[in-house]
Amino acid sequence: MGKGGISHEVQPGCPQDPADNTPQLLSPLQMGPMFSLSHRVVLAPVTRCRAIDNIPQACHVKFYSQRTTKGGLLISEANAVSPQAIGFPHSPGIFIEEQVMAWKKVVDAVHAKGGVIFCQLWHVGRASHTVYQPNGEAPISSTAKAISDEWSILMPGGSKSTYSPPRALSVSEIVAVVEEFRKAARNAMCAGFDGVEIHAAHGYLIDQFLKDGVNDRVDDYGGSLQNRCRFAMEVLDAVVGEIGAERTAIRVSPVIHHMGATDSDPLSLTSHLIGLLNSHPLAYLHMTEPRFTREGLKDDGAEGEMMTAAMWKMVKEEYKGRLMRSGGYSRETAMEAVSNGSADMISFGRLFISNPDLPLRFAIEAKLSKYDRSTFYTHDQVVGYSDYPFYIHTSPASNSKFDEHVDFRAEVESS
């Protein structure tokens, strides 16, 4: 194992210098003591708004099964840990028995094809609206400051609106939210998930505590880096205590300014977080590129690129576990990130949405299907969800590559 927990397995069956032990995107990876992955192409958590009344449907079984390969890792779309945690129409939860049993069908389908699946847990915090909150109450957060009108929320009918002003949680309420994450992790295990990923990124509740551009508290959960990281670590400790560190992962985005979640010193926040996370032998740390936004990728200019480079250099030097990166990667940039040792795994959202057999297409360098952004957040159980095509090899020149990568093939007939 190299610096920062980066492995050096040789990709089987691919031309490679015997003396070159550089890891490859499609080479195996041992993720902690429990999970032997066949490749490093991961399905990122993608909110799709198909869980009618917050309960996964039959279409979820099909969607996740389509994207399963033997030994491949999938991360579920974000699951609300409580009714207060919801901020999207028809997004799933994992806080009642009906949700747990619905997810069990998804997990069983993934396991039947030899896949590994983690459940992402989230609480949106102030990134919500009274229409989504129990009894029309205000959303909760670290602060009473609302997300600015620069950002909009998707409403149940498909229109856009401004985010509702939140109220700041009391200390006793924070303890209760930590308990909700713990119970949700236990529910994920009851559903059969292999592990959970705590969503502490992208301007949602945990990120609202981490960033000093949002967190204006003057108690033990605000002010210093130690205090602002307290809630995140309490959630992590609770989940690890419930299911074990080897089944727990966390996603963070310290340099991203999503939904107004800014920080005055993101590099110091990154370093402090990594120091805390190194105390747990987690399954992986999932970090998002600063260029990511909900509406697509953005150009941060020269200054942003310097910040990004400094962050990844720091992470590579300081983090001791498995590292997953995400945010606008192509096949080529993902291959580079893995081979140069700056990531163990790369997660793909948009490309995996429109290419259910993405690992195979990467393996044989096949053309990728284009995604239709207009169907990302609709409620149709088929269109734009499970109807994207699988690769059909018709060229004799592609036969040898296709046959070589049998483990990456999707089972088209069962899709």
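The notes below deal with the structure included here.

Concerning the packing of aromatic side chains
Evaluation of the coordinates by the stated rule reveals 14 aromatic pairs. Seen in terms of ring centroids, Phe63 and Tyr385 are 4.4 Å apart; in terms of plane orientation they differ by 10°. Their pairing is stacked. Pair noted here: Phe63 is in helix 1 (residues 58-66) and Tyr385 is in the loop between helix 11 (358-364) and helix 12 (396-404), with a separation of 322 residues, a long-range link. Looking at Phe63, the relative accessible area reads 0%, which means it is buried.

Let's talk about the pairing of strand 6 (residues 116-122)
When you tally the buried positions in strand 6, you get 7 out of 7 residues, the bulk of the element. Residues Val116, Phe118, Gln120 and Trp122 line one face of strand 6 and the alternating positions Ile117, Cys119 and Leu121 line the opposite face, and both faces are buried. As paired elements, strand 4 (residues 73-75) and strand 6 share 3 bridges and run parallel to each other. Bridge pairing links Leu74 to Ile117 in strand 6. Strand direction decides the pairing type here: strand 5 (residues 79-80) and strand 6, joined by 2 bridges, are parallel. The residue bridging Asn79 from the neighbouring strand is Leu121, located in strand 6. Here 4 bridges tie strand 6 to strand 11 (residues 195-200), and the two strands are oriented parallel to one another. Across the sheet, the residue bridging to Gln120 is Glu197, located in strand 11.

Details of the pattern of salt bridges
In total, this model carries 13 salt bridges according to the counting rule given. Here Lys211 makes a salt bridge to Asp207, at a shortest N to O gap of 3.1 Å. There is no split in this pair, since Lys211 and Asp207 are both buried. One salt bridge connects Arg325 with Glu289, and the closest N-O pair in it is separated by 2.8 Å. Taken together, the positions of Arg325 in strand 16 (residues 323-326) and Glu289 in the loop between strand 13 (284-288) and strand 14 (292-293) put the pair 36 residues apart, joining distant regions of the chain. One exposure class covers both Arg325 and Glu289, and it is buried. Overlapping salt bridges, with partners in common, bring together Glu179, Arg182 and Glu242 in one network.

Quick notes on the nonpolar core
The biggest cluster of nonpolar side chains holds 102 residues, and the ones touching the most others in it are Tyr64, Phe231 and Phe348. Ignoring sequence-local partners within four residues, the contact set of Phe231 consists of Ile174, Val177, Val178, Leu205, Ile206, Phe209 and Tyr221. Among the nonpolar cores identified, the runner-up in size contains 14 residues, and Phe35, Val116, Ala283 and Tyr284 belong to it.

Scoring rules and cut-offs
Residues numbered from 1 in each chain as written. Predicted model: local features only at pLDDT ≥ 70, side-chain atom pairs only at ≥ 80, totals over all residues. Heavy atoms only, no water. Phe/Tyr/Trp six-rings, centres within 6.5 Å; stacked < 30°, edge-to-face > 60°. Helix = DSSP H or I, 4+ residues; strand = E, 2+ residues; numbered from the N terminus. Buried < 20%, exposed > 50% of the residue type's maximum accessible area, 1.4 Å probe, protein only. Pairing = 2+ DSSP bridges. Salt bridge = Lys/Arg side-chain N within 4 Å of Asp/Glu carboxyl O. Core = buried A, V, L, I, M, F, W, Y, C linked by side-chain atoms within 4.5 Å. Contact = heavy atoms within 4.5 Å.

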